[in-house]
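Listed below are the residues making up each chain.
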Amino acid sequence: MGFYRKKYDVIVVGAGHAGCEAALASARMGCSVLLMAIDLDKVAAMPCSPSIGGMAKGQLVKEIDALGGQMAKITDQTAIQYRTLNTKKGPAVHSSRTQNDKMRYHMAMKAALEKQPNLDLKQAMVDRLVVENGNVVGAEDQTGFGYQAKAVVLATGTFLSGLLHIGFNSVKAGRAGEFASYRLPAHLKELGFKLGRMKTGTPPRLKKSSIDFREFTEHGGDQHPNPFSFSTKKISQLQVPSYMGYTNEESRSIVQKNLKRSALYGGIIKGISARYCPSFEDKVVRFPEKERHQIILEPEGLDTDEIYASGLGNSLPMEIQIQFVRSVKGLEEAEIIRPAYAIEYDYVNPIQLNPTLETKAVLGLFMAGQINGTSGYEEAAAQGLWSGINAACKIQKRPPFILDRSQAYMAVMTDDLVTRGTREPYRMFTSRAEYRLMLREDNADLRLMESGYELGLINDDMKKDVIERKKQIAQEIKRINETVIKPTKKVNDFLLDKGANPLSSGTFLTQLLKRAELDYGAVETLAKSPQHISRKVARQVEIEIKYEGYIKRQLMEIEKFKNMERMKIPQNFDFSRVHGLSNELKEKLSAIMPASLGQASRIDGITPAALSVIMIAIKSTEKQSGGSR
């Protein structure tokens, strides 16, 4: 095997959302990086919905941005609709979502990669890893040519043993029209990795001019959209609407009659489907009482006639897809430009990874994205950033980058994956985060930007801005807590106008701001700050005061959690010798090798009694090792 003469610090395999973030992070931290992709014309492709963010996913994108990642910046360059979800609920679950121009997104990300110092791009399919003495030292492409590196990040998406299905017609493909990788997954098995099988899919794309939009309800974005990236000053991209409609009884009947002809229910597909993003066949089977289901028609870009038909995903034969699509009001004459399809692919159960996303079996080998059993661009990008940072930290002999569940959504996801593994496509939800009131979209920069600075991914100006804002927030909260508002006529008239009860005696401004009818605007009216208070600072002040009781309670819960995390389990601790544990728990603990008592507590099947047994065993081991010294 011949080797390329240039040696790299990090090789990233795959240029999807995970691969792009991994490559950029490692390069920006000073490593020499090679990003390898089967097709460089598909960098950061959006093979499913041309959108970024959504429930809990928006939080991930904000966190990526706060740590110095790229996704939010590219989103703002290419978004054609902004929408904030859950605005009628509390700030803990507010989530941003954009509709994006998929081609412009790809081109903008590719340009960012090409301009990045320390980063090379090469079009090649990786067939094997080069492993010596349990350490990865490079990768070999399909021609047998090798590239040397100190670390490798696998971000292979749906390309491992990819098999695309339209009815009973199956094609080997990583995505529609793209080669799949069959040698690499076989090689991973040779290295001792256990692989599973998953399934996802995508709906049809329709020709815009063939749709009667009068039968749909126009669905616009926010009037005053907020950028995704903390560094974006202005949104200049043209904003366009999407359109909402519904299937009907005829639609359901067509699918019901042809279930056995679908790949999913005809026995062709063996992989496990995403429970939270069901195909239309799944909806018909799982919700037989529902006569209609929502569909959303979303533009794929400003310069294309293709419309993404969200809600019409299926794995039916083409002739049935045409009938099914045209059963919907407004789509009677619809032309399908690209058919819906299902795709199966291999993944590596993530319990085989350490919290850094480095594999346990091969040192220096990291995995990110759908290879770890996740679904979604945002989940992939967050893992890509995490693995790219840790690959660089390993090479530079820096401490590993590991956040805990109280610090970030991406930490919740990573901990879930490496502690519990997954047997179905994993998707991030706000409900997965125990401390979601503290992990809001609006404070991601306050939580994480200083960490990004320490890693070398955030510049001085952004760090200084965050520190200054934290100072202003603390000062303004202190001022509001100390300010007393007296019951003057002017004050009471203002309160009555806002639908709030008038005052009969002097009241701290804090108590007024806690009233549901009042927001920070009341502070500006009743006792304006002598200092200029930006909208960002005002938002944080209002949330911290209004939710003070809940925040204090959550901080107490976090302290209990931290105490469990502080109790470390020694490396190579022998769980098989712990008396009082069942054989099943011993096997689980030995496979996962939790780093702390806190992580052990989150393993499925672990009881309080089992934790007590483990804690006693750890203390006993520490005493024995202390005595031997």
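Source: prediction; values computed, not measured. Note that residues are indexed from 1 along each chain, following the sequence as it is written. Local features in this predicted model are restricted to residues of pLDDT 70 or higher, and side-chain atom pairs are both shown and tallied only at a pLDDT of 80 or more, whereas totals for entire chains, interfaces and linings draw on every residue. Processing note: side-chain calculations cover all non-hydrogen atoms of the structure and skip hydrogens and water entirely.

Would you mind showing me how to read the packing of aromatic side chains here?
Any aromatic ring pair is given by two values, namely how distant the centres are and how the planes are angled relative to each other. Note on aromatic pairs: the rings of Phe, Tyr and Trp (six-membered ring only in Trp) are paired at centre separations within 6.5 Å, and the planes decide the class, stacked below 30 degrees, edge-to-face beyond 60, tilted for the rest. Applying the stated criterion to the full structure yields eight aromatic pairs. With a centroid separation of 5.6 Å and 50° between ring planes, the pair formed by Tyr4 and Tyr147 is classed as tilted. Residue Tyr4 is located in the segment before strand S1 (8-13), and its partner Tyr147 is located in strand S9 (residues 146-154); the two are separated by 143 residues in the primary sequence. Given the relative accessible area of 24%, Tyr4 is considered partly exposed. When the centroid spacing of 6.3 Å and the interplanar angle of 50° are considered together, the rings of Tyr547 and Tyr550 count as tilted. Relative accessibility under 20% of the residue-type maximum defines a buried residue, over 50% an exposed one, and the middle range a partly exposed one, all with a 1.4 Å probe and only protein chains included. We classify Tyr547 as partly exposed; its relative accessible area is 24%. Through pairs of rings, three or more aromatic residues link up here, namely Tyr4, Phe145 and Tyr147. The residue whose ring lies beneath Lys172 is Tyr182, and the NZ or CZ to ring-centre distance is 4.8 Å. Strands are runs of DSSP state E lasting at least two residues, helices are runs of H or I lasting at least four, and both sets are numbered from the N terminus onward. Geometrically, a charge over a ring is one whose NZ (Lys) or CZ (Arg) sits within 6 Å of the ring centre while staying within 35 degrees of the ring normal.

Just to check I follow, could you spell out the side chain of Thr483 for this structure?
In this structure, Thr483 sits in the loop between helix H12 (460-482) and strand S21 (484-485). Within the structure, the side chain of Thr483 is placed 2.6 Å from the backbone oxygen of Arg479, a separation counted as a polar contact. With residues near it in sequence (within four places) discarded, Thr483 still touches Thr507, Phe508, Leu509 and Ala527. In protein, a polar contact requires one atom able to donate a hydrogen and another able to accept it; more generally it is a pair of N or O atoms within 3.5 Å, and residues adjacent in sequence count only if both atoms are side-chain atoms. Whether two residues touch is decided by their heavy atoms; if any such pair falls within 4.5 Å, the residues are in contact.

So what exactly am I meant to see when it comes to the state of the cysteines here?
What we call a disulfide is simply a covalent bond connecting the sulfur atoms of a pair of cysteines. Here, a disulfide means two cysteine sulfur atoms that sit within 2.5 Å of each other. One pass over the full model with this rule turns up zero disulfides. The closest cysteine sulfur to the non-disulfide-bonded Cys20 is located on Cys31, 17 Å from its own sulfur. Not part of a disulfide, Cys48 finds its nearest cysteine sulfur in Cys277, a span of 6.1 Å.

In this structure, what is going on with the environment of Asn135? I would like to understand it.
Locating Asn135 in the fold gives a position in strand S8 (residues 135-141). Exposure remark for Asn135: the relative accessible area of 31% places this residue in the partly exposed category. In contact with Asn135, not counting residues within four places along its chain, are Val130, Val362 and Leu363.

Before we go on, may I ask you to explain the pairing of strand S7 (residues 126-132) in this structure?
Along any regular strand, the residues point their side chains to alternate faces of the sheet. A strand pair is defined by DSSP finding two or more bridges across the two strands. Two strands pair when backbone bridges link them, and S7 and S8 are joined in this way by six bridges, in the antiparallel orientation. Residue Glu132 lies in a different strand from S8, and its bridge partner there is Asn135. From the end of S7 to the start of S8, which pair antiparallel, there are two residues, and Asn133 there has a positive phi angle of about 55°.

Everything listed here is a matter of geometry and, on its own, says nothing about what the molecule does.
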